[in-house]
Amino acid sequence: QVQLVESGGGLVQAGGSLRLSCLASRRTDSNYAMAWFRQAPGKEREFVAVFNSIGGRTYYTESVKGRFTISRDNTKNTMYLQMNSLKPEDTAVYYCAATIGGGPKFSSAEYAYWGQGTQVTVSS
């Protein structure tokens, strides 16, 4: 079992930046795939980014490529999402997620563990 807690959300202007953090209750490297998802009101939860701990590769949804960066600090059991050049369409509740298996996964249904979410609001 692993518990996840997100932090770092807030209200920012378009073009601004935020860094989200996800603290895990236990060491997850080599054993868990970890990812960021987001969900806007009235919309389904969508994949944002995933970190492949085995190969160190990262994958992003097309709309955030070049703007968002996912990373992990295994010594602190923490995953980050650096968000730059934010747009109003990035507004959503952002969730970190984890599941057993080191390979990347892109569907929310594949993740067993979820944080409570942190709100990101980008004003125009």
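Residues numbered from 1 in each chain as written. Predicted model: local features only at pLDDT ≥ 70, side-chain atom pairs only at ≥ 80, totals over all residues. Heavy atoms only, no water.

1. Quick word on the packing of aromatic side chains
Counted under the stated rule, the structure contains eight aromatic pairs. When the centroid spacing of 6.3 Å and the interplanar angle of 80 degrees are considered together, the rings of Tyr95 and Trp114 count as edge-to-face. Placement of Tyr95 in strand E9 (residues 92–100) and of Trp114 in strand E10 (residues 113–114) is noted, with a sequence separation of 19 residues between them. Judged by relative accessible area, which is 13%, Tyr95 ranks as buried. For Trp114, a relative accessible area of 26% puts it in the partly exposed group. When the centroid spacing of 6.2 Å and the interplanar angle of 70 degrees are considered together, the rings of Tyr111 and Trp114 count as edge-to-face. A residue is classified by how much of its surface remains accessible, and Tyr111, at 5% relative accessible area, is buried. For Arg45, the ring lying beneath its charged end belongs to Tyr95, and the centroid distance is 3.8 Å. (Phe/Tyr/Trp six-rings, centres within 6.5 Å; stacked < 30°, edge-to-face > 60°. Helix = DSSP H or I, 4+ residues; strand = E, 2+ residues; numbered from the N terminus. Buried < 20%, exposed > 50% of the residue type's maximum accessible area, 1.4 Å probe, protein only. Lys NZ or Arg CZ within 6 Å of the ring centre and 35° of its normal.)

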